[in-house]
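This is what each chain is made of:
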Amino acid sequence: MLLLRMSQITKKYPGVTALDNVDFELERGEVHVLIGENGAGKSTLMKVLSGAEVKNSGKIFLEDKEVSISNPIDAQKLGIVMIYQELNLVPQLSVGENIFLGREPKKKNGLIDWNKLYDESIKYLSKLSSDINPKKKVETLSVAEQQIVEVAKALSYNAKIIIMDEPTAALTTKEVAELFKVIKWLKSQNIGIIYISHRMEEIYEVGDRITILRDGKFVHCCKLNEITREEIIHKMVGRELDKEFPKKFFQKGREILRVENLSRKGVIENISFSLYQGELLGFSGLVGAGRTELARLIFGADKKSSGKIYLEGKEVEINSPADAIKNGIALLTEDRNKQGLILDMSIAQNVTLSNLAGIMKGLFIDKKKEKDVVTEYSNDLNIRTPSIYQITRNLSGGNRQKVVLARWLFTNSKVVIFDEPTRGIDVGAKYEIYNLINNLLEKGIAVIMISSELPELLGMCDKIAVMHQGKIKGFLDHKDATQEKIMILATGGTI
Amino acid sequence: MKSISELFQRFRQYVMAFLLLVEILFFAVLSEYFLTPENLLNITLQTSLIAIVSVGMTMVIITAGIDISVGSVIAFVGVITAGFLKFNMPVYFSIFLAIVAGLFVGLLLGYFNGFFITKFKMAPFIITLVAMSILRGLAYIMPKFFGFEEGRPIWGLPDEFLWLGSGRILMIPFPTILMFLIFIVAYIVLNHTKFGRYIYAIGGNLEASRLAGIKTDRILIYVYMINGLLTALSGILLASRLSSGQPNAGLAYELQVIAAVAIGGASLLGGKGSIVGTFIGAMFIGVLRNGLNLVGVSSYYQEVILGLVILAAVLLDQIKVKD
């Protein structure tokens, strides 16, 4: 008996069909990977299943019985729980309070039975072999621990189906391994798991079957051991990608950026490196190794405690992002939604934000010039939108990234720092981003790329710096670098 | 694809303008005096003081801030200005000095609000609540320093000063003219200058704005200073209209000002709002008050009706959030 069958699901939004007669099924104790480019309909399908959206037509069967799901509470009652990428816990409450939020066990007198609440919490957590103290506040937990709490919460609902949306996006390698153990245990309990991810390696490691969607339509479903990585990408994208990484080598020019003994107390220590025109320098390391913090120091977002920064041989004083931008340094932050874009402003306004001086006519913004400039970048970078006056909230992850990049191209950046440039971006758009990075390098711009995806660093970078606990443990050249060497350095070893 | 929310957002101003028109027609039917030029000018005059402050408040609210000290600033500046007018000096010189002093105090108070908000990361609501309390108290205390009794108004201001609040140029009241000028300038600033763009950006996403190279602290302080300046201007005009510096002037002004901005469609969450919307919002309230007065509805009922109007306007905006 199938655990879940979704049949001919259709969901229409004004002007667009997000799901077009999509089929999906899930067995007990199965991890079923759901994959597709952004906008392919994965999230919408899962929202329909978890009650966040209501379908226009189609049927959902749970254990062969047709069910009606019109809101999240219906879904919860049926044992369908979704764990979102941005976890949905209340940071100021304790672990136990979060697990039982809204259904706290009560004593006879109507007050909360705290002992029972915490005992039950421990019961669920220990099933997941976790020793998190249920009295701890959620805000003090790591992302990985918060995920465990979400799973425990799901268990407390007697979940039959757990949907995980990019669960490993913010986890370290070790934490991923822990999560996979938990998933294995959930399988042994006959719970079905729908697993959404863009990371090819882990899909094969954790998944049993895969369903591929494209443009709101069902494309393919099969066992994972019957399909190759290339075939998956091909079916997702609907076209051939020559290679996953379009690496190009450019003539290394003169030195653009030199960092000497840069430190910020308790965060990073004595970082020194040089960066040349046309060079792509990667930064690898575990989460918390200090890579993002280093980027923020160079960009002036945080204050350094000591060290020097030279641009084209001249020492520069950078005390704010405004200083950095004036000197031709750009940072594409890890979280483009919170730290990159003004989501309710248009593409045009976001692109020109850092260089309004470039489109001023006297005291006023020259809207005609703004239109010309942004239209040009929009075409160059192939930003897919009906209009440059569209608000950026309506764009996909890849297109949002391009808008931020356009902003930094318009400031005439000489050094561009990408922090996790392809996080949450689908395969097709990733490839585009790599090509855009190549274009920057070709123009003589120097690029730094921070990434947690080793294949991406190995595939694209000329040189990789590996960080561990706030220090650079070593540099690896493109031709010598391997996953093993990076991991040895990243975990504090030497080679 | 244009979502329904965007369409609504785009047409909101037209909807509000249409409703304002309906409101005007409604009162025109009920009172034959309502549509006379004299009454219409009167409405703009009565509304001008609140409308001028609501321009500054619109900017503050777009940055995701709030300033509830405006009522107290109006009283405080009114008292200071009136006090300066009591100095023994040539009359035009003392008027000039009093106005400059009043405006300067407004700028300074705005600066303090902005300073505490940016440097000490205080919630705008709290710091302006502090200012609201302190300044109201000082407004009562200040008359003592100008030779008047504590808590009493400073009265007996020169006739030349009274022109500011009630004088007319080509039949049009001076405050009305000032109000229109300020709205036009603010419209240009918000829609066509760097500064205006930055205000929207900061309200939309403070951290992203900083990382885009905007000197966010400085812009925020400017915004509160502009609000302080416009509030002070309103305070001076009110002192002129009342021909005295009243310590209890401007009570509950902040509520009317915020109401005008909210009816105008600005979001208290920041990033959204428009000068045209605020103008319509302020006029909507002004017409309502004037019309209800003419029809003979008591001020107690007016408060209830005003509250319901704000509720309706904000409900209208919830349509777009749900979409």
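Residues numbered from 1 in each chain as written. Chains lettered and ligands numbered in written order. Predicted model: local features only at pLDDT ≥ 70, side-chain atom pairs only at ≥ 80, totals over all residues.

*Asks:* How should I be thinking about the overall build of chain B in this particular structure?
*Replies:* Secondary structure summary: chain B contains 13 helices and four strands in total. Taken along the three principal axes of its C-alpha coordinates, chain B extends 70 × 55 × 35 Å. By residue count, 49% of the 323 residues in chain B fall in the buried class. Of the contacts made within chain B by residues no fewer than 6 positions apart, 77% connect residues no fewer than 24 positions apart. (Helix = DSSP H or I, 4+ residues; strand = E, 2+ residues; numbered from the N terminus. Buried ≥ 20, exposed ≤ 12 C-beta atoms within 10 Å, placed from the backbone. Contact = placed C-beta atoms within 7 Å.)

*Asks:* Mind showing me how you'd approach the sheet that holds strand 7 (residues 161-165) of chain A here?
*Replies:* Each strand in a sheet pairs with another by means of backbone hydrogen bonds, the pair being arranged parallel or else antiparallel. Residues and elements named next belong to chain A. If you walk across this open sheet you meet the six strands as 6-7-8-3-9-10, and the pairing is mixed. The open sheet has two edge strands with one neighbour each: strand 6 (80-83) and strand 10 (217-223). Going across the sheet, the axis of each strand differs from the next one's by a mean of 20°, ignoring polarity. In this sheet, strand 9 (residues 209-214) lies alongside strand 3 (residues 31-35) in parallel orientation, the contact comprising four bridges. Looking across to strand 9, one finds that histidine 32 is bridged to arginine 209. (Pairing = 2+ DSSP bridges. Axes fitted to C-alpha atoms, helices over the stretch in contact; angles between N-to-C directions.)

*Asks:* Explanation requested: the pairing of strand 19 (residues 415-419) of chain A in the structure shown.
*Replies:* Successive side chains on a regular strand alternate, one facing one side of the sheet and the next facing the other. Residues and elements named next belong to chain A. Taking burial as the measure, the five residues of strand 19 include five buried ones, the bulk of the element. Burial along strand 19 is two-sided: the face carrying Val415, Ile417 and Asp419 and the face carrying Val416 and Phe418 are both buried. Pairing of strand 16 (residues 329-332) with strand 19 involves four bridges; the strand directions are parallel. Note on strand 19: the bridge partner recorded for leucine 331 is isoleucine 417. The pairing of strand 19 with strand 20 (residues 446-450) spans five bridges and is parallel. Following the sheet pairing, phenylalanine 418 is matched in strand 20 by methionine 449. In this fold, strand 19 hands off to helix 15 (residues 427-442), which returns the chain to strand 20; that crossover is right-handed. (Right-handed = clockwise from strand over helix to strand, strands pointing away.)

*Asks:* Please clarify how helix 13 (residues 367-380) of chain A should be interpreted in this entry.
*Replies:* Structural remark: α-helix, 3.6 residues per turn; residues separated by three or four positions point the same way. Residues and elements named next belong to chain A. An ideal rise of 1.5 Å per residue puts 20 Å on 14 residues; helix 13 measures up with 20 Å between its terminal C-alpha atoms. Among the residues making up helix 13, those that are buried are Glu370, Val373, Val374, Tyr377 and Ser378. Across the axial projection of helix 13, the buried residues extend over an arc of 130°, all falling on one side. Along helix 13, exposed side chains directed more than 90 degrees from the buried face belong to Lys368, Asp372 and Asn379. Buried residues along helix 13 sit in contact with helix 12 (347-352), strand 18 (364-365) and helix 14 (397-410). Note on helix 13: the residue one or two positions beyond its end, asparagine 382, has a positive phi of about 60°. (Expected span 1.5 Å × (residues − 1). Arc of directions from axis to C-beta.)

*Asks:* Would you mind going over the interface of chain A and chain B with me for this structure?
*Replies:* At the junction of the two partners, chain A supplies 26 residues and chain B supplies 21 residues. Listing elements by their share of the side of chain A that touches chain B, those giving two or more residues are helix 10 (321-326), helix 11 (336-339) and strand 18 of chain A. Ranked by the residues each element gives to the side of chain A that touches chain B, the list is headed by helix 10 of chain A, at three residues. The residue makeup of the side of chain A that touches chain B, split by class, is 17 nonpolar, six polar and three charged. (Nonpolar A, V, L, I, M, F, W, Y, C, P; charged D, E, K, R; others polar.)

*Asks:* Which parts of the structure should I look at to understand the environment of serine 320 of chain A?
*Replies:* All names here are of chain A. Within the secondary structure, serine 320 sits in the loop between strand 15 (314-316) and helix 10. Accessibility expressed as a C-beta count within 10 Å gives 19 for serine 320, which makes it partly exposed. For the pair serine 320 and aspartate 302, spaced 18 residues apart in sequence, the C-alpha to C-alpha distance is 7.6 Å.

*Asks:* Where do I start with unusual backbone geometry in this structure?
*Replies:* Excluding glycine, residues mostly carry a negative phi; peptide bonds, for their part, are mostly trans. Residues and elements named next belong to chain A. The backbone phi angle of asparagine 190 is positive, close to 65°, even though this residue is not glycine. By the element assignment, asparagine 190 lies in the loop between helix 6 (173-188) and strand 8 (192-196). Positive phi is not limited to glycine here, since asparagine 270 has a value of about 45°. Its 13 C-beta neighbours within 10 Å are what place asparagine 270 among the partly exposed residues.

*Asks:* How should I be thinking about the environment of glutamate 255 of chain A in this particular structure?
*Replies:* All names here are of chain A. Relative to the assigned elements, glutamate 255 resides in strand 11 (residues 255-264). Judged by C-beta crowding, with 16 C-beta atoms within 10 Å, glutamate 255 ranks as partly exposed. Measuring from C-alpha to C-alpha, the distance between glutamate 255 and isoleucine 163 comes to 48 Å, with 92 residues separating the pair along the chain. Apart from residues lying up to four places away in sequence, glutamate 255 is in contact with Ser274, Tyr276 and Gly313.

*Asks:* Just to check I follow, could you spell out the nonpolar core for this structure?
*Replies:* The biggest cluster of nonpolar side chains holds 237 residues, and the ones touching the most others in it are Ile162, Ile417 and Val447 of chain A. When residues in this core are grouped by element, the largest group, 14 residues, is from helix 10 (residues 216-242) of chain B. When residues no more than four places from it in sequence are discounted, the contact partners of valine 447 of chain A are Leu280, Val416, Phe418, Ile437, Leu440 and Leu441 of chain A. (Core = buried A, V, L, I, M, F, W, Y, C linked by C-beta atoms within 7 Å.)

*Asks:* Looking at this structure, I do not really get the pairing of strand 13 (residues 280-285) of chain A. What am I missing?
*Replies:* All names here are of chain A. With six of six residues buried, strand 13 lies mostly within the body of the structure. Looking at chain direction, strand 13 and strand 20 are connected through four bridges and run parallel. Among the inter-strand pairings, phenylalanine 283 is bridged to a residue of strand 20, identified as isoleucine 450. By the bridge criterion, five bridges tie strand 13 to strand 21 (residues 463-468) in an arrangement that is parallel. Looking across to strand 21, one finds that phenylalanine 283 is bridged to alanine 465.

*Asks:* Please explain the packing of helix 8 (residues 194-204) of chain B against helix 10 of chain B as it appears in this structure.
*Replies:* Pairs of packed helices are described in terms of their axes, by the angle between the two and the distance that separates them. Residues and elements named next belong to chain B. Two elements in contact, helix 8 and helix 10, have axes separated by 10 Å at closest approach and are oriented at 110°. As judged from the angle between their axes, helix 8 and helix 10 are roughly perpendicular. On the side of helix 8, the interface is formed by Tyr198, Ile199 and Ile202, while helix 10 contributes Thr216, Ile219, Leu220 and Val223. For the contact of helix 8 with helix 10, the class distribution of residues is six nonpolar, one polar and no charged. (Parallel < 35°, antiparallel > 145°, perpendicular 65-115°, else oblique.)

*Asks:* Teacher, can you tell me more about the sheet that holds strand 20 of chain A here?
*Replies:* All names here are of chain A. Read from one edge of the open sheet, six strands run 16-19-20-13-21-22, paired in mixed fashion. Looking at strand neighbours, the two that pair on one side only are strand 16 and strand 22 (471-477), the edges of this open sheet. Recorded for the sheet is a direction-independent mean angle of 20° between the axes of neighbouring strands. As paired strands, strand 21 and strand 22 are joined by six bridges and run antiparallel to one another. Looking at the pairing, lysine 463 lines up with aspartate 477 of strand 22. Across the sheet, helix 15 touches strand 13, strand 19 and strand 20, and the angle it forms with strand 20 is around 150°.

*Asks:* Just to check I follow, could you spell out helix 2 (residues 37-62) of chain B for this structure?
*Replies:* Considering bend angle alone, the principal kink of helix 2 of chain B is centred on serine 48 of chain B and spans about 50°. One or two steps after helix 2 of chain B, the chain reaches alanine 64 of chain B, where phi turns positive at roughly 75°. (Bend = angle between axes of the 7 residues up to and from the residue.)

*Asks:* How should the packing of helix 4 (residues 91-119) of chain B against helix 5 (residues 124-141) of chain B be read in this particular structure?
*Replies:* Residue and element names in this part refer to chain B. Interhelical geometry of helix 4 versus helix 5 gives an angle of 145° and a closest axis separation of 9 Å. Seen along the crossing, helix 4 lies across helix 5 with a hand that is right-handed. In contact with Leu109, Asn113, Phe116 and Ile117 of helix 4, helix 5 contributes Pro124, Ile127, Thr128 and Ala131. Its residues assigned to classes, the contact of helix 4 with helix 5 shows six nonpolar, two polar and no charged. (Left-handed = near helix turned anticlockwise from the far one by under 90°.)

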